Amino acid sequence: MVAIPSRHRSLALLAGVLLAQILLLAVQIKRDSRGRLIRVWAISTVTPFERVGAWSVGKVRGVWHHYFALQGTSRENETLRTENDALKLSIAQLQTKAAEADRLGALLNFKTLNEKVAMVGARVIGASAGTASRTIEIDRGERDGIRRNQPVITPDGAVGKVIEAYRDSAQVLLLTDKDSGIGAMLVNSRIQSPVGGTGEPMLTMKYVANDDTVKAGEKIVTSGMDKIFPRDVPVGTVLEVKQGNTFKQIRVTPAANLDRLEEVFVLLTQAPLEFQKEAEAESAPAQSVPAETPVTAPPAAVKP
Amino acid sequence: MNDTFELRSGDTHIEVHKFFPGAIAGVTIFALVLQAAFPVYVHRLDFLDLPLLITIYFGLSRRNPSTGLLLGTTIGLLQDSLSGPTVPLGLYGIAKTVVGYLASSIGARLDTEHPLARFALTAGFFVLHQAVMVLTRRLLLAQPEAWFNMHLVVGAALNAVVAVPLFLLLDRLRRSS
């Protein structure tokens, strides 16, 4: 029998592995299967490390701050100037903590405002391992009642939806992902049209006819037509409007800061939500939205 | 048994390196965890493809095409799995299989220890990796995707810059003969 040279063996292996993966792709497309088992194994392997990583980052941040504070304290005994420096550092620390408290306070206010709406708070522990998708991973999963297609929000507005729920974690498809879409409507004109991602930080509003009137600065909220998000959750603000072939090209700034997510809420029901009115009042004049235009859900809709 | 040995091809002598036990698996998992953590803690670093850099490094060092392509496949499929259900299993897998195979093949023929060689090879492999991904999307998934954009150039340059010190760091995991 003729022995296969080593180089040909590796070429044959390359061809075999590539063919297997092409078949794997074909199977996923044909059956709309997404290889859940392999994903569960991979997620289960990596999630504990991500949790440890998130915990370690928190600790390192704490040690970093305390290190500088202690350095300032030791110098404090020597001269008044160093005492002043240490106090300045303390102020900086307090400002950091105050900012964190503000952020957590906003989350608490939102939760209190919507106490009758079932929702789960979650911490973001990871993101997609590549630029091919825009997803985040959260530290709550099926054990906490998280299921696929549940909406994910922050007090600022819509974030995305749960695309996969595991035992202790879940993956969330952000609005900015190319495959993402959300039923939305313009607040002023009440024109309904889906808003989707492009893989970039901005969103696009599709299928608004050229003869409809849309102005930059107009607010966009969810329409509830996608049967995922409740109505009137802020989605974003129209940034730019251009005439297209058939439909307008509308670029939208997301309401939630999708690049800097640390905590989110997963809605367990489609009950309507109420968003804080102060934030609206502050942003409305700058973005030329008429003051009488309500962005929040009507009070009657908040009742359980 | 020697932990490093030489491949002889004509007048060239290329050293094949071995690593401490568990180093490859540990570095791979660490790279995947970091890749997932970057967008959360260090913004604007999503251009960095650490799993790709790991594939290239171990491919160039091990210099065995079979192990190089299998490592690329494993890392690529893990990256697919961690990228959410919108990324089909095999998208990164195919690209990293090709990169792993070629990195090992080139590593067996050229001396790739010099920082300049590593810089150029990483930039080239980054472009190749993106090209295979675009090809897979266009031909197999029927998804429109641009062949070229400025992100490709910036990504290739920045990954190559990061690769040079990273590879020097990973050299410390090699077992000396």
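Our structure is the block above this text.
This text gives an overview of the structure that appears in the document. (Residues numbered from 1 in each chain as written. Chains lettered and ligands numbered in written order. Predicted model: local features only at pLDDT ≥ 70, side-chain atom pairs only at ≥ 80, totals over all residues. Heavy atoms only, no water.)

### Notes on unusual backbone geometry
All names here are of chain A.
Here comes step 1: Non-glycine residue R190 carries a positive phi angle of around 60 degrees.
Here comes step 2: For R190, the position within the fold is in the loop between β6 (181–186) and β7 (192–197).
Here comes step 3: One non-glycine residue, Y207, adopts positive backbone phi at about 60 degrees.
Here comes step 4: In this structure, Y207 sits in the loop between β8 (203–205) and β9 (219–222). (Helix = DSSP H or I, 4+ residues; strand = E, 2+ residues; numbered from the N terminus.)

### Section: the sheet that holds β7(A)
Here comes step 1: Taken in spatial order, the six strands close into a barrel running β6-β7-β8-β11-β10-β9 (chain A), and their pairing is antiparallel. Each adjacent strand pair in this sheet contributes to an overall mean axis angle of 40 degrees, direction not counted. (Pairing = 2+ DSSP bridges. Axes fitted to C-alpha atoms, helices over the stretch in contact; angles between N-to-C directions.)

### Let's talk about the layout of surface pockets
Here comes step 1: Here the second largest pocket is characterised by a volume of approximately 740 Å³.
Here comes step 2: As for the second largest pocket, its lining consists of 22 residues, of which A:R61, A:T96, A:E100, A:R103 and A:E262 are closest to the centre.
Here comes step 3: Of all the elements in the fold, those that place two or more residues in the lining of the second largest pocket are α2 (36–76), α3 (80–113) and β1 (119–127) of chain A together with α1 (23–41) of chain B.
Here comes step 4: Per-element tally for the lining of the second largest pocket: the top contributor is α2(A), with seven residues.
Here comes step 5: By residue class, the composition of the lining of the second largest pocket is seven nonpolar, seven polar and eight charged. (1 Å grid on protein atoms, 1.4 Å probe; cavity = no way out; pocket = protein on both sides within 12 Å on 5 of 7 lines; lining within 4 Å. Points joined across faces, edges and corners; volume = space filled by probe spheres on them. Nonpolar A, V, L, I, M, F, W, Y, C, P; charged D, E, K, R; others polar.)

### Focus on the pattern of salt bridges
Residue and element names in this part refer to chain B.
Here comes step 1: Applying the stated criterion across every chain, the model contains nine salt bridges over all chains.
Here comes step 2: One salt bridge connects D171 with R118, and the closest N-O pair in it is separated by 3.1 Å. One end of the pair, D171, is in helix α6 (residues 150–171); the other, R118, is in helix α5 (residues 115–140), with 53 residues separating them in the sequence.
Here comes step 3: For R118, a relative accessible area of 3% gives the class buried. (Salt bridge = Lys/Arg side-chain N within 4 Å of Asp/Glu carboxyl O. Buried < 20%, exposed > 50% of the residue type's maximum accessible area, 1.4 Å probe, protein only.)

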